[in-house]
Amino acid sequence: MPPRIAWQDIQENTFTRWTNDELKLRGLHINSLKDDLKDGLMLINLMEIISGKSLGKYNKHPIIIQQKLENLTIALKFIQSEGLKLVNIGPEDIVQGNMRCILGYVHLS
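Residues numbered from 1 in each chain as written. Predicted model: local features only at pLDDT ≥ 70, side-chain atom pairs only at ≥ 80, totals over all residues. Heavy atoms only, no water.

K.L.:
Please set out the pattern of salt bridges residue by residue, giving values where relevant.
P.N.:
With the rule as written, the count across this model stands at four salt bridges. As a salt-bridge pair, Lys 53 and Glu 82 come within 2.9 Å of each other at their nearest N and O atoms. Here the residue Lys 53 occupies a position in the loop between helix H3 (41-51) and helix H4 (65-81), and Glu 82 occupies one in the loop between H4 and helix H5 (91-95), the gap between them amounting to 29 residues. Note on Lys 53: relative accessible area 41%, which makes it partly exposed. (Salt bridge = Lys/Arg side-chain N within 4 Å of Asp/Glu carboxyl O. Helix = DSSP H or I, 4+ residues; strand = E, 2+ residues; numbered from the N terminus. Buried < 20%, exposed > 50% of the residue type's maximum accessible area, 1.4 Å probe, protein only.)

K.L.:
Can you lay out H3 for me, pointing to particular residues and giving the numbers?
P.N.:
Counting buried positions along H3 gives nine out of 11 residues, so the element sits mostly inside the fold. When H3 is considered as a whole, its buried residues turn out to be Leu 41, Met 42, Leu 43, Ile 44, Asn 45, Leu 46, Met 47, Glu 48 and Ile 49. Gly 52 lies just past H3 and shows a positive phi near 75°.

K.L.:
Describe in detail the nonpolar core, supporting the description with residues and values.
P.N.:
Counting 30 residues, the largest nonpolar core has Leu 33, Leu 37, Leu 43, Met 47, Ile 94, Ile 102 and Tyr 105 as the members making the most contacts within it. For this core, the secondary structure elements donating two or more residues are helix H1 (7-23), H3, H4, H5 and helix H6 (99-108). Setting aside residues no more than four positions away along its own chain, Leu 33 makes contact with Glu 12, Phe 15, Thr 16, Thr 19, Met 99, Ile 102, Leu 103 and Val 106. (Core = buried A, V, L, I, M, F, W, Y, C linked by side-chain atoms within 4.5 Å. Contact = heavy atoms within 4.5 Å.)

K.L.:
Just give me the short version of the side chain of Asn 20, but keep the residues and values in it.
P.N.:
Mapped onto the fold, Asn 20 is located in helix H1. Classification of Asn 20 by relative accessible area gives buried; the value is 13%. Among all residues touching Asn 20, those that are not within four sequence positions of it are His 29 and Ile 30.

K.L.:
Please set out the packing of aromatic side chains residue by residue, giving values where relevant.
P.N.:
Considering all chains together, one arrives at zero aromatic pairs under this definition. Lying across the ring of Tyr 58, Lys 60 places its NZ or CZ 4.1 Å from the centre. (Phe/Tyr/Trp six-rings, centres within 6.5 Å; stacked < 30°, edge-to-face > 60°. Lys NZ or Arg CZ within 6 Å of the ring centre and 35° of its normal.)

K.L.:
Just give me the short version of the packing of H1 against H3, but keep the residues and values in it.
P.N.:
Orientation of H1 relative to H3, taken along the N-to-C sense of each, is 65°, at an axis distance of 9 Å. It follows that H1 is roughly perpendicular to H3 by the angle criterion. For the crossing formed where H1 meets H3, the hand is left-handed. In this structure, H1 uses Trp 18, Thr 19, Glu 22 and Leu 23 to contact H3, whose residues at the interface are Met 42, Asn 45, Leu 46, Ile 49 and Ile 50. In terms of residue class, the contact of H1 with H3 is built from six nonpolar, two polar and one charged. (Axes fitted to C-alpha atoms, helices over the stretch in contact; angles between N-to-C directions. Parallel < 35°, antiparallel > 145°, perpendicular 65-115°, else oblique. Left-handed = near helix turned anticlockwise from the far one by under 90°. Nonpolar A, V, L, I, M, F, W, Y, C, P; charged D, E, K, R; others polar.)

K.L.:
A description of the side chain of Thr 19 should follow, citing residues and the corresponding values.
P.N.:
Checked against the element boundaries, Thr 19 lands in helix H1. Contact partners of Thr 19, with chain neighbours within four places excluded, come to Ile 30, Leu 33, Leu 46 and Val 106.

Honestly, that's just the spatial picture; any functional story needs more than this.
Written as structure tokens, this is what we have:
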């Protein structure tokens, strides 16, 4: 009997493929939702691509955790400003790699 694939694995693979389809418009690519979204850069690019709007100034080379959290906050605030409601998803969840929150965020995008 083949191993059972968890719903989270299926969603992660599906959302990773969708995210990469969008990001390729800017020549960008992610390998892992959990690891590659932590600094906010890919989320900001994703939001700009799918909305056709600029998210304004953000840290293009985040190194310290505060810079990453600021970038993630920009992306989260943008999606809320577009009328989508985020429940229990904060920048800390993404930087810590909380897959349930990350999948919920990408699903809303």
